[in-house]
Amino acid sequence: MTDPNTVQLTEDGRLKHFLTTEGLSRELLTEILDTADSFISTQERAVKTVPLLRGKTVVNLFFENSTRTRSTFELAAKRLSADILNLDIARSATSKGETLMDTLWNLEAMYSDMFVVRHSDSGAAHFIAEQVTPNVAIINAGDGRHAHPTQAMLDMLTIRRHKGDIEGKIVAIVGDILHSRVARSQIHALRTLGAAEVRVIGPGTLLPSDIESMGAVPYYDMRAGLADCDVVIMLRLQKERMQNALLPSEGEFFKLYGLTKEKLAFAKPDAIVMHPGPINRGVEIESAVADGDQSVILNQVSYGIAVRMAVMAMAMSGQQTPVNSEEPA
Amino acid sequence: MTDPNTVQLTEDGRLKHFLTTEGLSRELLTEILDTADSFISTQERAVKTVPLLRGKTVVNLFFENSTRTRSTFELAAKRLSADILNLDIARSATSKGETLMDTLWNLEAMYSDMFVVRHSDSGAAHFIAEQVTPNVAIINAGDGRHAHPTQAMLDMLTIRRHKGDIEGKIVAIVGDILHSRVARSQIHALRTLGAAEVRVIGPGTLLPSDIESMGAVPYYDMRAGLADCDVVIMLRLQKERMQNALLPSEGEFFKLYGLTKEKLAFAKPDAIVMHPGPINRGVEIESAVADGDQSVILNQVSYGIAVRMAVMAMAMSGQQTPVNSEEPA
Amino acid sequence: MTDPNTVQLTEDGRLKHFLTTEGLSRELLTEILDTADSFISTQERAVKTVPLLRGKTVVNLFFENSTRTRSTFELAAKRLSADILNLDIARSATSKGETLMDTLWNLEAMYSDMFVVRHSDSGAAHFIAEQVTPNVAIINAGDGRHAHPTQAMLDMLTIRRHKGDIEGKIVAIVGDILHSRVARSQIHALRTLGAAEVRVIGPGTLLPSDIESMGAVPYYDMRAGLADCDVVIMLRLQKERMQNALLPSEGEFFKLYGLTKEKLAFAKPDAIVMHPGPINRGVEIESAVADGDQSVILNQVSYGIAVRMAVMAMAMSGQQTPVNSEEPA
């Protein structure tokens with residue numbers, strides 16, 4: 001596959017798709033965060049909508065079901081004044097024998113402007129942006145184990161808003177790193193934005209073998225890994241992994257890697273606790289921590305809308321050729 | 001549980017949630033009806049939308065499926081220019097092990113302004129408004145056997161528009177009173193708005209034992225109960241109750257309590273006939289009555305949109321703090 | 001049933017429903033195409049929405065599932081600025097024992113302005129327009145084997161835009177004519193708009209016995225039927241027909257009636273190839289043709305939105321009485 005940045009950027013380096021945080025410059029990631037910051041302030045007004053995507057058609061293409069993520073993109077699109085079409089792909093024309101590419105070409109022919117794509121195959125969003133519908137802005141809402149860049153960017157925004165900056169911070173990511181597209185996108189963004197150290201904490205079976213080449217430091221012992229951290233990011237445990245014998249049991253996992261007040265005490269006293277949700281209380285995290293003073297989990301949700309608005313607005317702007325855009329009568 | 005009116009009213013007595021008709025003052029119920037009246041006139045214009053909830057996010061949270069009621073709230077929200085998110089709770093994150101409270105907190109964090117809640121547990125809407133998300137306006141769209149206040153208020157509006165006033169009228173409610181949240185909300189509203197007499201008609205097994213303490217007069221014989229009535233409200237028969245042997249059979253029920261022209265003749269000649277829908281023709285009501293001159297059943301549907309617009313607009317107004325609400329650029 | 005044109009036209013001959021192309025005048029069909037042409041140009045602007053149906057409520061009533069067609073109507077309605085309610089009829093109140101007519105009356109009472117109806121019974125849209133809700137504009141989105149008029153009109157628009165005019169053209173329709181509502185609507189429109197010859201090509205079992213009375217010429221041999229054609233319209237093969245032994249096998253069908261480059265060479269060199277989609281590659285059409293220079297299949301999809309916008313706008317205009325339409329405050 002081509003370098004994602006020749007696909008997701010315009011010739012003058014602006015975003016036209018949002019596929020991955022990997023390889024994006026510090027300037028561009030910072031622009032996303034600054035734009036999202038401005039949308040947080042519009043969210044807090046009585047009228048939350050802005051007209052940036054008025055008259056545009058956004059299609060939610062979720063090949064993998066996720067009510068949570070689909071809803072946040074739907075709200076982000078509506079607050080940008082876009083029209084949104086939710087397609088339940090599993091029940092649509094593809095089941096009538098049509099190929100996926102024909103489905104996408106048809107949606108493009110309906111003058112769609114943007115596809116929000118979630119797919120269980122790594123690289124699906126990249127493939128669509130490069131090979132199938134390059135003139136439709138593609139936003140990756142999670143592809144296989146590869147990337148979940150809007151989640152990573154809302155996490156960056158959370159750190160910046162609660163710790164002032166990402167530069168110089170020690171960040172620990174805890175749990176099933178191996179299967180986590182979120183962790184991959186976070187590590188790239190954290191490295192680019194100047195985190196002092198990115199640690200990944202989990203059992204050996206759930207840490208990728210190439211983790212050090214990504215610039216992260218592996219820890220098998222949670223207390224050691226949390227020492228002096230500014231930020232603790234818990235991952236969601238995919239229960240189906242346990243059935244595959246990659247993990248002993250929920251109870252055993254919680255004992256070793258569940259975030260408790262006792263373990264959190266090893267991090268800095270003002271460390272913040274993050275989780276992409278939905279949380280499994282008592283599996284990855286105990287309620288006293290999830291609902292405690294250091295938790296910013298619900299703030300992440302709020303910032304998630306703003307970050308999605310930001311990348312949607314930026315990618316649409318990058319797609320637009322300077323055509324006549326006056327309003328029809 | 002706290003007195004619902006300390007929950008659903010602001011300190012200066014305005015609506016900020018709409019949980020129940022019980023305990024609301026005659027002035028407030030009348031304000032709802034007056035506001036709904038004004039929305040009936042906007043519904044009859046070529047452009048039916050008004051901008052009162054522009055930029056607001058309304059979430060339809062139906063834990064119990066009801067296409068009819070959900071659609072009326074969806075239309076009401078759209079005609080107020082709100083953005084609406086329909087969540088099929090049964091298929092969403094709660095099935096991923098997330099608690100209901102976490103789901104609600106997440107929706108609140110997405111800057112939702114209003115939840116329309118339908119739930120099979122009595123008190124669910126009250127609990128959410130008081131304990132979970134007090135800063136989100138909660139509209140009760142039916143909770144267990146407890147209340148269905150928007151249905152009751154559209155019934156009040158129907159009586160007022162077709163009989164001039166509720167004051168002094170004799171109203172009979174017929175059918176399964178015991179299991180009916182609609183009947184409970186109607187009785188409270190009718191009593192507060194000055195109905196001369198509220199009668200409930202049904203078999204002894206389907207009349208609550210405390211019915212007289214609610215201010216209603218029980219009748220077991222339908223013809224006696226209908227005598228001199230101004231308004232006849234038929235309830236929908238829940239067929240599953242019959243399977244539980246609370247009722248002998250549909251045929252037997254219809255013979256005793258089904259509304260026929262013959263039985264209706266015992267009411268006043270200008271009595272109106274109401275039903276919350278969907279109607280079971282030949283079970284609660286014969287077609288000659290449902291489609292006859294005295295039926296206002298379809299008018300109720302029209303007024304239902306206006307009443308929902310009214311309580312949504314009033315509750316949103318009650319929630320709003322005097323913040324800067326100018327429109328973003 | 002009444003003559004559809006006494007139902008679908010106003011007294012002065014304007015559209016107020018869109019049920020069938022049969023019997024519509026050349027002038028009216030041309031007006032639809034001209035209006036659709038104007039919407040193609042609005043689709044190509046940066047802001048694709050026009051305010052023609054602002055404040056109107058359109059209900060998608062799909063008794064037969066079709067994600068593709070439903071989505072195109074949803075997008076068309078949104079681009080006209082209408083509010084749209086998607087009803088999954090199979091799961092709605094009709095399953096609670098309510099009759100179809102009660103469901104429709106209820107939707108009408110909610111001040112709906114337009115129903116887009118798809119139904120497996122021939123005549124369903126006509127019946128609703130004439131007998132059930134005559135004051136709601138009905139758009140037929142496919143009824144049984146009878147008609148699919150918006151599909152036919154987008155096909156006419158495709159021919160006009162790519163071949164200059166329909167007048168004088170030789171058009172072949174290939175496949176299962178017998179079960180095709182699309183073919184029926186196409187033949188009527190092509191004859192009215194002055195096509196020189198309409199040919200239908202297929203096995204004897206799949207050509208209706210009255211085809212010549214409709215003004216079409218049957219061909220059993222595809223190469224003979226394609227000779228000198230300007231336009232080749234492939235129909236979608238309904239695979240369930242084959243299970244009913246009306247067809248020998250997919251392979252056999254493709255050999256005789258599948259469109260290949262070899263067979264297409266019998267048509268005029270500049271003939272265009274059309275298909276209503278979704279296409280079955282290798283069954284009705286080979287990929288070299290579907291994706292080839294003569295294919296206008298994806299253009300049809302684009303024009304489909306514009307044609308639907310046109311008939312929705314025209315029917316709504318035909319419904320409107322000259323009432324006070326100023327905007328509410």
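Note that the structure is predicted; figures quoted are calculated from it, not measured.

The rules behind these values
Residue indices follow the written sequence of each chain, beginning from 1 at its first position. Written order determines the labels here, with chains lettered from A and ligands numbered from 1. Only residues with pLDDT of at least 70 are given local features in this predicted model, and only at 80 or more are side-chain atom pairs given and counted; all residues enter the totals for whole chains, interfaces and linings. Side-chain figures throughout are based on the complete set of non-hydrogen atoms in the structure, without hydrogens or water. Per the convention used, a helix needs a DSSP run of H or I reaching at least four residues, while a strand needs a run of E reaching at least two, with both numbered from the N terminus. Taken over C-alpha atoms, the radius of gyration is set against a globule rule of 2.2 Å times the number of residues to the power 0.38. Each residue's exposure class comes from its accessible area (1.4 Å probe, protein chains only) as a fraction of the maximum for that residue type: buried when under 20%, exposed when over 50%, partly exposed otherwise. Contacts were defined at the residue level, with two residues in contact if any of their heavy atoms lie within 4.5 Å. Accessibility throughout is a Shrake-Rupley quantity obtained with a 1.4 Å probe, and a residue counts as covered only by protein chains that appear here. Only four residue types enter the charge count: Lys and Arg as positive, Asp and Glu as negative, with His and the chain ends excluded. Throughout, a charge is located at the NZ atom of Lys, the CZ atom of Arg, the CG atom of Asp or the CD atom of Glu. When the copies are overlaid, the least-squares fit takes in C-alpha atoms only where the residue has pLDDT of at least 70 in both copies. All axes here are fitted lines through C-alpha atoms, helices being fitted over the stretch that makes contact, and every angle between N-to-C directions spans 0 to 180 degrees. Roughly parallel here means an angle under 35 degrees, roughly antiparallel means over 145, roughly perpendicular means 65 to 115, and every remaining angle is called oblique. By definition, turning the near helix anticlockwise from the far helix through less than a right angle yields a left-handed crossing, and turning it clockwise yields a right-handed one. In this classification, the charged set is Asp, Glu, Lys and Arg, the nonpolar set is Ala, Val, Leu, Ile, Met, Phe, Trp, Tyr, Cys and Pro, and all remaining amino acids, among them Gly, are polar. Think of it this way: DSSP has to see at least two bridges between two strands before they count as a pair. Crossovers are described as right-handed under a simple rule: with the strands pointing away from the observer, the path leading from the first strand over the helix to the second runs clockwise. UniProt positions are given in the numbering used here, feature names are shortened, and annotations may be inferred rather than shown by experiment. Within 3.5 Å is the distance limit for a polar contact, defined as a pair of N or O atoms, with the added protein rule that one can donate a hydrogen and the other accept it, and that residues adjacent in sequence qualify only through two side-chain atoms. Accessible-area loss on putting two parts together, using a 1.4 Å probe and summing over both, is the definition of buried area adopted here. For this analysis, a salt bridge means a side-chain nitrogen from Lys or Arg found within 4 Å of a carboxyl oxygen belonging to Asp or Glu.

1. Description of the overall build of chain A
- Helix and strand content of chain A: 13 helices and nine strands.
- The C-alpha atoms of chain A give a radius of gyration of 20 Å, which matches the 20 Å a tight globule of 329 residues would have.
- The principal-axis extent of the C-alpha atoms belonging to chain A is close to 65 × 45 × 35 Å.
- Burial status across chain A gives 63% buried among its 329 residues.
- Long-range contacts, defined as pairs at least 24 residues apart, comprise 74% of the intrachain contacts of chain A with a sequence gap of at least 6.
- Total accessible area on chain A is roughly 11,700 Å²; 49% of this is exposed by carbon and sulfur atoms.
- Each charge sign in chain A was given a centre, from 33 positive and 41 negative side chains, and these centres are 5 Å apart.

2. Some details on the relation of the copies chain B and chain C
- Expressed as a screw operation, the relation of chain B to chain C combines 0.0 Å of axial shift with a rotation of 120°, fitting to an RMSD of 0.0 Å. Read as a symmetry element, the transformation amounts to a three-fold axis.

3. As for the packing of helix 3 (residues 67–79) of chain C against helix 13 (residues 297–319) of chain C
Residues and elements named next belong to chain C.
- One way to put it is that helix 3 packs onto helix 13 with a least axis distance of 9 Å and a crossing angle of 60°. When the interaxial angle is binned, helix 3 and helix 13 end up oblique. Regarding helix 3 and helix 13, the two cross each other, and that crossing is right-handed. Counted together, T69, T72, F73, L75, A76, A77 and R79 of helix 3 and I305, R308, M309 and M312 of helix 13 form the full contact between these two elements.
- Here the contact of helix 3 with helix 13 is composed, by residue class, of seven nonpolar, two polar and two charged.

4. Comments concerning the pairing of strand 6 (residues 197–201) of chain C
All names here are of chain C.
- Most of strand 6 sits inside the fold, with four of its five residues counted as buried.
- For strand 5 (residues 170–174) and strand 6, the ladder comprises five bridges, and the chain directions are parallel. The residue bridging V171 from the neighbouring strand is V198, located in strand 6.
- Remark: the strand 5/helix 7 (residues 181–192)/strand 6 crossover connection has right-handed handedness.

5. So, the sheet that holds strand 7 (residues 217–219) of chain C
All names here are of chain C.
- Taken in spatial order, the five strands make up an open sheet running 7-6-5-8-9, and their pairing is parallel. Each edge of the open sheet carries a strand with a single partner, namely strand 7 and strand 9 (272–274). Strand-to-strand twist across the sheet, computed as the mean angle between neighbouring axes with direction ignored, equals 20°.
- Contacts from helix 6 (residues 149–163) reach strand 8 (231–234) and strand 9, with the element oriented near 165° to strand 9.

6. Observations concerning the UniProt feature "binding site: carbamoyl phosphate" (unreviewed entry) in chain A
Residues and elements named next belong to chain A.
- Annotation from UniProt places "binding site: carbamoyl phosphate" (unreviewed entry) at R68, T69, R118, H148, Q151, G277 and P278.
- Positionally, R118 belongs in strand 3 (residues 114–119).
- Residue classification places R118 among the buried positions, given a relative accessible area of 9%.
- Every residue in contact with R118, bar those within four places of it in the chain, is listed here: L61, F62, F63, E64, S66, T69, A141, G142, H148 and R181.
- Side chain to side chain, R118 and E64 meet in a polar contact 3.3 Å long.
- Along the chain, H148 falls in the loop between strand 4 (137–143) and helix 6 (149–163).
- Contact partners of H148, with chain neighbours within four places excluded, come to T69, R118, A141, G142, R181, V182, S185 and R308.

7. Some words on the interface of chain B and chain C
- Chain B puts 31 residues into the contact, and the matching count from chain C is 29 residues.
- A buried area of about 2,700 Å², summed over both sides, lies between chain B and chain C, and 55% of it is on carbon and sulfur atoms.
- Along the contact surface separating chain B from chain C lie two salt bridges.
- Between C:D113 and B:K48 there is a salt bridge whose closest N-O contact spans 2.3 Å.
- The tally of links from chain B across to chain C stands at eleven residue pairs in polar contact (both at pLDDT 80 or more).
- Where the side of chain B that touches chain C is concerned, the elements lending two or more residues are helix 2 (26–43), helix 3 (67–79) and helix 13 (297–319) of chain B.
- When residues of the side of chain B that touches chain C are assigned to their parent elements, the largest contribution, eight residues, is made by helix 3 of chain B.
- A class-by-class count of the residues in the side of chain B that touches chain C yields eleven nonpolar, nine polar and eleven charged.

8. Structural notes on the pattern of salt bridges
- This structure, assessed with the given rule, holds 48 salt bridges over all chains.
- Ionic pairing is found between A:E74 and A:K78, a salt bridge with its closest N-O pair at 3.0 Å. Placement of the pair is A:E74 and A:K78 together in helix 3 (residues 67–79), with a separation of four residues, close to one helical turn.
- On the accessibility criterion, A:K78 (16% relative accessible area) is buried.
- Notably, a salt bridge pairs B:E262 with B:R223, separated by 2.9 Å at the nearest N-O pair. Residue B:E262 is located in helix 11 (residues 261–264), and its partner B:R223 is located in helix 8 (residues 222–226); the two are separated by 39 residues in the primary sequence.

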